[in-house]
Amino acid sequence: MTTIKAIGGEFGLIERLSKISSEQSPDLVQGIGDDAAVLAIPSDPDSFLLVTTDLLVESRHFKRDWSSARDIGVKAVECNASDIAAMGGTPTWMFVSLVLSDQIDLDWVENLYHGLSISCKRHGIVLAGGDTTRGPAVVVNITLMGRVGRSNLCLRSAAEPGDVIAVTGSLGASAAALALLEKNLPVSDYLLAKHKTPRCRLDVAERIGAVANAMIDISDGLGSDMTHICRQSAVGAEIQAAAVPLHPDVVEAGRKLAQSPLDFALCGGEDLELLFTISPPNLEKLTSSGFKFYIIGSITGNANTFVIVEEDGGRSPLPSGFDHFA
Ligand code: ADP
Ligand code: MG
């Protein structure tokens, strides 16, 4: 038997599977390998259609003891909308497929939908269909469609040597909350909210999309998501450890758990902030657009060299982040 771990985990598996089913189409601008698929719209030469899908599995992505059904609904939409944001786009239509166990109360399912609806209203998303079946654990699968103006599209493969690397907000809060919850330690309201009901950054995605080169949303940790941009753009990255924004509660969580708070940012979970690379001239345009972002490093021409540089000049490889099969 060959395990998925043995072939490189989740990402090794996806690569192998994509070779089995490798049909191409000229209308598929970007297939497997980005935050969303990018499809040509024959009737609209100025825009692309975006499609993304995500699974939330009980016990793996949420625990019914820790999160209310409403919170799970909000998070499910935000995670998908974050992938549309990462392309520089705007979400439109949503499809929801549910696996429900025998023990599920109707109230739980209805509250899940109230949660979905809160986030849909926030972003102008309309529920258009789905599928429902019975199974051993609760699974929520969302497929979200969206649109992006052609000139705003940001692919993972578009980073250039000399680009500045930036993020839209502080990192590691969701992972810090989870680490504290797992140890039954107290969790601050800030960390809990970031873990249970993170908010995607559609508020700034279009503005970044207009001027950035590459973009990805941080859903598996900065280390892993930065590596995706580098691999697909055939470039390297140098991240300055001291420049990675960390909330004081994340620093405090590191102290309580006797671990580096930076690890929550590098290897942690669903921050849903945007990580982008941008040329220095375009950076000036973004600076004047009036929202906060943080410069954390630069793109280099050394493909396959992804390093984090400590304040004392020490350099170490970027950790690979979260993998479901690691
Ligand atoms: P994200 O973290 O942004 O949601 P993923 O890491 O889940 O992205 O997926 C990366 C890419 O792999 C995407 O293009 C996604 O559509 C594709 N992908 C993931 N799982 C599969 C699968 N089982 N079959 C085909 N494509 C997949
Ligand atoms: Mg993503």
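Residues numbered from 1 in each chain as written. Chains lettered and ligands numbered in written order. Predicted model: local features only at pLDDT ≥ 70, side-chain atom pairs only at ≥ 80, totals over all residues. Heavy atoms only, no water.

Draft legend 1. Here's a closer look at the site of ligand 1. Close to ligand 1 lie Phe-11, Ile-14, Ile-32, Gly-33, Asp-34, Asp-35, Asp-54, Asp-83, Arg-156, Asp-217, Ser-219 and Asp-220. Residue Asp-34 places a main-chain N or O atom 3.1 Å away from an oxygen atom belonging to ligand 1. One of the side-chain N or O atoms of Arg-156 is found 3.1 Å from an oxygen atom in ligand 1. Class assignment of the residues belonging to the shell around ligand 1 gives a composition of three nonpolar, two polar and seven charged. (Near = heavy atom within 4 Å. Polar contact = N/O pair within 3.5 Å; in protein donor to acceptor, adjacent residues only side chain to side chain. Nonpolar A, V, L, I, M, F, W, Y, C, P; charged D, E, K, R; others polar.)

Draft legend 2. The packing of helix H6 (residues 202–211) against helix H10 (residues 280–287), seen in detail. Put simply, H6 and H10 touch, their axes get as near as 9 Å, and they point 150° apart. Relative to H10, the element H6 is oriented roughly antiparallel. For the pair H6 and H10, the crossing hand works out as right-handed. Touching Arg-207, Ile-208 and Val-211 of H6 are Asn-282, Lys-285 and Leu-286, all from H10. (Axes fitted to C-alpha atoms, helices over the stretch in contact; angles between N-to-C directions. Helix = DSSP H or I, 4+ residues; strand = E, 2+ residues; numbered from the N terminus. Parallel < 35°, antiparallel > 145°, perpendicular 65-115°, else oblique. Left-handed = near helix turned anticlockwise from the far one by under 90°. Contact = heavy atoms within 4.5 Å.)

Draft legend 3. Examining the coordination of the magnesium ion (ligand 2) more closely. Donor atoms from the polypeptide that coordinate the magnesium ion (ligand 2) comprise Asp-35 (OD), Asp-83 (OD) and Asp-217 (OD), at 1.9 to 2.1 Å from the metal. Here the donor residues of the magnesium ion (ligand 2) share one chain and are spaced in sequence as D-x47-D-x133-D. Residue Asp-83 is located in helix H2 (residues 69–85), and its partner Asp-217 is located in strand S8 (residues 214–217); the two are separated by 134 residues in the primary sequence. With respect to class, Asp-83 is no different from Asp-217; both count as buried. (Donors = N, O, S within 2.8 Å, 3.2 Å for Na, K, Ca; no water. Buried < 20%, exposed > 50% of the residue type's maximum accessible area, 1.4 Å probe, protein only.)

Draft legend 4. Main features of the pattern of salt bridges. Inspection of the entire model under this criterion finds twelve salt bridges. For the salt bridge of Glu-58 with Arg-64, the shortest nitrogen-to-oxygen distance reads 2.8 Å. Exposure remark for Arg-64: the relative accessible area of 32% places this residue in the partly exposed category. Across the pair Asp-203 and Arg-201 runs a salt bridge, and its minimum N-O distance is 3.0 Å. What makes Arg-201 buried here is its relative accessible area of 16%. Beyond isolated ion pairs, a larger network of salt bridges with shared partners links Asp-34, Asp-35 and Arg-156. (Salt bridge = Lys/Arg side-chain N within 4 Å of Asp/Glu carboxyl O.)

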